[in-house]
Amino acid sequence: MTVCWCLSELITATESAIRQGQFKPAEADELRHDVSSLINRAELPKQNITKHEQKALEDLAKDEKVVIVPADKGRCVVVLDKKDYVDKCHKLLEDDKTYKKIGYNPTNGYRKTVHALVNKLHKEGGVSDEQKRLLTPPTEPAVPAFYGLPKVHKPEPIPVRPIVSSIDSVTYGLAKHVAKILGPLVGTSFHHVKNTQDFVDKISQITLEDDETIVSYDVSALFTSIPPAEAIQVVKKNLENDSQLKDRTKLSVDQIVESVSVCLNTTYFSFQDQHYIQKHGCAMGSPISPIVANLYMQDFETGALKSYTGSKPRVWLRYVDDTFVIVKKQETQKFFQHINTCDPNISFTTEECKDQKLASLDVEVHITSDGSLDTTVYRKPTHTNQYLHFNSHHPLVHKLSVIRTLFHRADLVVQDPTERAKEKSDTKQALARCGYPDWSFSKAESPKRTGNKSAQRSGTSFSHTREITITIPYIYDLSEKIKRVFGKHGISTAFKPHNSLRKKLVHVKDKISKEKQRNLVYGVRCEQEDCQDFYIGETQQSLKARMSQHRRPSSVDFNPDSAVYTHLKEKGHSFNTKDVVILDREANWFKRGVKEAIWERVEEPKLNKKGGLRFNLSHTWDRAVREIPSRLSRTGSAPLRDVPTQLHVYNDQPSSGRMPDEADCD
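Residues numbered from 1 in each chain as written. Predicted model: local features only at pLDDT ≥ 70, side-chain atom pairs only at ≥ 80, totals over all residues. Heavy atoms only, no water.

As for the overall build of the protein
Check the secondary structure of the protein and you find 24 helices and 19 strands. A compact globule built from 666 residues should have a C-alpha radius of gyration of about 26 Å, and the protein, at 28 Å, falls within 12% of that. In terms of overall dimensions, the protein has a C-alpha envelope of 90 × 60 × 55 Å along the principal axes. For the protein, buried positions account for 50% of its 666 residues. A sequence separation of at least 24 residues applies to 71% of the contacts in the protein between residues at least 6 apart. Of the roughly 33,800 Å² of accessible surface on the protein, a fraction of 48% belongs to carbon and sulfur atoms. Distance between charge centroids for the protein: 3 Å, based on 98 positive and 87 negative side chains. (Helix = DSSP H or I, 4+ residues; strand = E, 2+ residues; numbered from the N terminus. Rg over C-alpha atoms; globule rule 2.2 N^0.38 Å. Buried < 20%, exposed > 50% of the residue type's maximum accessible area, 1.4 Å probe, protein only. Contact = heavy atoms within 4.5 Å. Areas by Shrake-Rupley, 256 points an atom, 1.4 Å probe, with all protein chains shown as cover. Lys, Arg positive; Asp, Glu negative; His and termini not counted. Charge placed at Lys NZ, Arg CZ, Asp CG, Glu CD.)

A look at the sheet that holds strand β13 (residues 363–367)
Note on sheets: strands pair through backbone hydrogen bonds, and any given pair is parallel or antiparallel. With antiparallel pairing, three strands are arranged side by side in an open sheet as β12-β13-β14. Of all the strands in the sheet, just β12 (357–360) and β14 (373–377) have a single pairing partner and so form its edges. Between one strand axis and the next, the sheet turns by 30° as a mean value, whatever way the strands run. Of the pairings in the sheet, the one linking β13 to β14 comprises five bridges and is antiparallel in character. By the bridge assignment, H366 is partnered in β14 with D374. (Pairing = 2+ DSSP bridges. Axes fitted to C-alpha atoms, helices over the stretch in contact; angles between N-to-C directions.)

Examining the side chain of S36
Relative to the assigned elements, S36 resides in helix α2 (residues 25–41). Once you skip the residues sitting within four places of it in the chain, S36 turns out to touch T620, W621 and A624.

Some details on unusual backbone geometry
Negative phi characterises most residues that are not glycine, and trans characterises most peptide bonds. Put simply, E156 and P157 share a cis peptide bond, and its omega is -10°. Following the sequence through the fold, P157 ends up in the loop between β4 (145–150) and β5 (160–165).

Points about the confidence of the model for the protein
Across the protein, pLDDT averages 88, with 91% of residues at or above 70. Between residues 452–463, whose pLDDT stays under 50, and residues either more than four places distant or in other chains, the model counts 20 contacts. Long-range and interchain partners of residues 634–666, a stretch whose pLDDT sits below 50, account for 84 contacts in this model, where long-range means more than four residues apart. (pLDDT = per-residue confidence, 0-100.)

Quick notes on the environment of D63
Within the secondary structure, D63 is located in the loop between α3 (51–62) and β1 (66–70). In this structure D63 comes out as partly exposed when scored by relative accessible area, which is 33%.

Re the environment of L222
Mapped onto the elements, L222 comes out in helix α9 (residues 222–225). Those residues in contact with L222, other than ones at most four positions away along the chain, are A293, M297, V320, D321 and I346.

Focus on the packing of helix α7 (residues 172–182) against helix α12 (residues 253–264)
Closest axis-to-axis distance for the α7/α12 pair is 10 Å, and the angle between their directions is 130°. Regarding the angle of α7 to α12, the classification is oblique. For the crossing formed where α7 meets α12, the hand is left-handed. Facing L174, A175, V178, I181 and L182 of α7, the residues of α12 in contact are I256, S259, V260 and C263. Of the residues assigned to the contact of α7 with α12, the class counts are eight nonpolar, one polar and no charged. (Parallel < 35°, antiparallel > 145°, perpendicular 65-115°, else oblique. Left-handed = near helix turned anticlockwise from the far one by under 90°. Nonpolar A, V, L, I, M, F, W, Y, C, P; charged D, E, K, R; others polar.)

In structure tokens form, the structure reads like this:
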């Protein structure tokens, strides 16, 4: 049985690589032929879950009385009664000091503001044509979505951490652009901690005096506490002192500040079809908010440390809102009171060391008998030791990376050789419970080969210097072969899981109705019972907006009426938006055009005008395309992707039980 559930992705990835690499026709045809041949010969991987397990997953996914969400910390998943979950979220949103319920959707107003700003920046020469296209919000931006992650490490009643997803929202493109400009401003001081390695490096040579101790001061609700007006002034001050700003952008300081202001003050979101505005603090979920928060705290800590009249802390290290402080024992409470009076918006909690131990990030710091600081790996009591299971449908390199990452953390954090060996032993036992065989640890710890393996095996000498990276769905055996073919043409390949239990079960955000979904390839079928005509199209707009266009004549004189409108007008027929079939989803403009061409070849719709597609699909793909089942045929069998047994969770362990060679995990 040939592989057919994600052919659209594989074909689209190949065409995208050809376009990015500007392949000559002969090389493009060779690549298409090689990939198509591999697809045509491929077989379906063996499944790794039983039919009973598949049925249980389907039933759980359909159960509307429960909500399945990842925990805030601890690598576990929480199943909650839906009413209980909603009540916890509403309890947060009832804080009228922070949130305000509004009875309308403010998206259009914010969109006009961002649109005008981007046009202004473009006119003044601050952004290029391409940047303007990326920064301009879509016609129908997504509404930022609120959800909560249960804090299972907290005592009952378990609260939830508020999260807002702003992907594809009205300010998302602008915020990402400005975040890249501001990013280098963060971490310019010794107090800033970049990551675990940076933290361990900074405390590794410190020895405490007899009258010193370690303590943690943590900011409560940082993002909703920072006042945007004051934060913007901090940003402006940092930009004015940045001598390298002109090397990163053509935008002036005032233009950047104006952009930051718009992003920080666009604070609305929705939950359960109700809209809210965040009254105080930076916009949660915006790509720019973490950077602004860091800059604000950078400014705060400078002033707080400078203004303290007592014996100042010898060390103050901060990772966003968590600090690690070395201070005189008699100064801990006095200094705590001081930092809580420096800024009325910033409130700290404190945690002192117990039994000479204190956790910071994922490190537990121990004060030894001679005053030096020893470190070990810290796990919260709720940590589950659940990692990527070895039998899951992921490439071997991902699984070996799990081992390497955990072992690297042990080498980095644990200083005592005996404790380090114990940490690795415990890690190995935890991974063994997740299905990792003994040979996987040996392979993970063996030296990596260097150089281009595809070239080494084939003897290919590249005459080009392309830098292309393509991401394709992972299908055991097939994806590795496609990667080797891509490598011969100078294309780097990354794998992504095609499906997972989390993707199947975890849906933290409010479900978007079919009519509001965007970036689609769709099929429209005439509603008349004796009419078999249908149409394949693509749209960046919402499905509702696109269907409205199909129901009326073209508004542009030189553009012909759509084929759907012409059919409805001439035949007197109709169609229902709720019956429109969503064939594929794709945000990228070029890739969406490729997928439209693929589905047009699959369905052969009568209403599509020949030559009317944006992308001309090569006939090299015809045999592969024939394996994609029709989704619009009324009399045909159910499409494969909708068949319950096709959960796409497969066993990617080699059936022979052999240890894969290096070719299996490039």
